[in-house]
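Here is what each chain is made of, one letter per residue.
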Amino acid sequence: MARLLANLCQMPLCSYSDDMPHVPNSQLSTEEVIETVKNMTDLLSTVFPTTKVYPALGNHDYHPKHLMPPKPNDIYTAVGNLWSRWLPQDAVDSFKRGR
């Protein structure tokens, strides 16, 4: 399937944005949010290995939802590391600081 998508979708850039885990807070954890973002990041990297990706977190990409603090935390650190393949280092550093 990944090879088929790659052949069908040759594009110069991709906007990868927000709200990946659509489940109630009671069914979510920090680890599950990170794993979901990792799975999507890995999939996009596999399907579009030469495409510039512009990623963004949404209000559901945090646990608990809607409570994204403006300070460092496990999700920002993990996602910053995952997305460092697409973002310049200063953006990764800012992301990990929550700003």
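Residues numbered from 1 in each chain as written. Predicted model: local features only at pLDDT ≥ 70, side-chain atom pairs only at ≥ 80, totals over all residues. Heavy atoms only, no water.

Asks: Mind showing me how you'd approach the overall build of the chain here?
Replies: Across its full length, the chain holds 4 helices and 2 strands. Listed N to C, the secondary structure of the chain is α-β-α-β-α-α in terms of helices and strands. Residues counted as buried form 36% of the 99 residues belonging to the chain. On the chain, roughly 6,000 Å² of surface is accessible, and the fraction owed to carbon and sulfur atoms is 57%. (Helix = DSSP H or I, 4+ residues; strand = E, 2+ residues; numbered from the N terminus. Buried < 20%, exposed > 50% of the residue type's maximum accessible area, 1.4 Å probe, protein only. Areas by Shrake-Rupley, 256 points an atom, 1.4 Å probe, with all protein chains shown as cover.)

Asks: When you look at unusual backbone geometry in this model, what are you seeing that I'm missing?
Replies: Residues apart from glycine generally show negative phi values, whereas peptide bonds are mostly found in trans. Across the junction of histidine 63 and proline 64, the peptide omega takes the value -5°, indicating a cis bond. The residue proline 64 is located in the loop between strand 2 (52-56) and helix 3 (74-83) in this model.

Asks: I tried to follow the packing of helix 3 against helix 4 (residues 89-97) on my own but got confused; where do I start?
Replies: When two helices pack together, their arrangement is given by the angle between the helix axes and by the axis-to-axis distance. Contact geometry for helix 3 and helix 4: axes closest at 8 Å, N-to-C directions at 165°. Between helix 3 and helix 4, the crossing angle belongs to the class labelled roughly antiparallel. Here helix 3 and helix 4 pass one another in a crossing that is right-handed. Side by side, helix 3 and helix 4 meet where Tyr76, Thr77, Val79, Gly80, Asn81 and Trp83 of the first sit next to Val92, Phe95 and Lys96 of the second. Of the residues in the contact of helix 3 with helix 4, the class split is 5 nonpolar, 3 polar and 1 charged. (Axes fitted to C-alpha atoms, helices over the stretch in contact; angles between N-to-C directions. Parallel < 35°, antiparallel > 145°, perpendicular 65-115°, else oblique. Left-handed = near helix turned anticlockwise from the far one by under 90°. Contact = heavy atoms within 4.5 Å. Nonpolar A, V, L, I, M, F, W, Y, C, P; charged D, E, K, R; others polar.)

Asks: What is the right way to read the nonpolar core from this model?
Replies: A general tendency of soluble globular proteins is for nonpolar side chains to be buried together. Grouped together as the largest cluster of nonpolar side chains are 18 residues, with contacts concentrated most on Tyr16, Val79 and Trp83. If you list the elements that add at least two residues to this core, you get strand 1 (13-17), helix 2 (30-47) and helix 3. The element contributing the most residues to this core is helix 3, with 5 residues. Residues in contact with tryptophan 83, not counting those within four places in the same chain, are Tyr16, Val37, Thr41, Pro55, Ala56, Leu57 and Phe95. (Core = buried A, V, L, I, M, F, W, Y, C linked by side-chain atoms within 4.5 Å.)

Asks: In this structure, what is going on with the packing of aromatic side chains? I would like to understand it.
Replies: Pairs of aromatic rings are described using the distance from one ring centre to the other and the angle between the two planes. This structure, assessed with the given rule, holds 3 aromatic pairs. Residues tryptophan 83 and phenylalanine 95 carry aromatic rings whose centres are separated by 5.7 Å and whose planes lie at 50° to one another, so their mutual orientation is tilted. With a gap of 12 residues between them, tryptophan 83 in helix 3 and phenylalanine 95 in helix 4 connect regions that are remote in the sequence. Of the two residues, tryptophan 83 and phenylalanine 95, neither departs from the other in class, the shared state being buried. Chaining the aromatic ring pairs together yields one cluster made of Tyr62, Tyr76, Trp83 and Phe95. Seen from the ring of tyrosine 54, lysine 52 lies directly overhead, with NZ or CZ sitting 5.6 Å from the centre. Across from the ring centre of tryptophan 86, 5.7 Å away, lies the NZ or CZ of arginine 85, which sits over that ring. (Phe/Tyr/Trp six-rings, centres within 6.5 Å; stacked < 30°, edge-to-face > 60°. Lys NZ or Arg CZ within 6 Å of the ring centre and 35° of its normal.)

Asks: What am I meant to see in the confidence of the model for the chain here?
Replies: Note that predicted coordinates carrying low pLDDT should not be read in detail. For the chain, mean pLDDT is 83; residues scoring 70 or higher make up 79% of the total. Highest mean pLDDT in the chain belongs to helix 3 (96); lowest belongs to helix 1 (residues 2-8) (58). (pLDDT = per-residue confidence, 0-100.)

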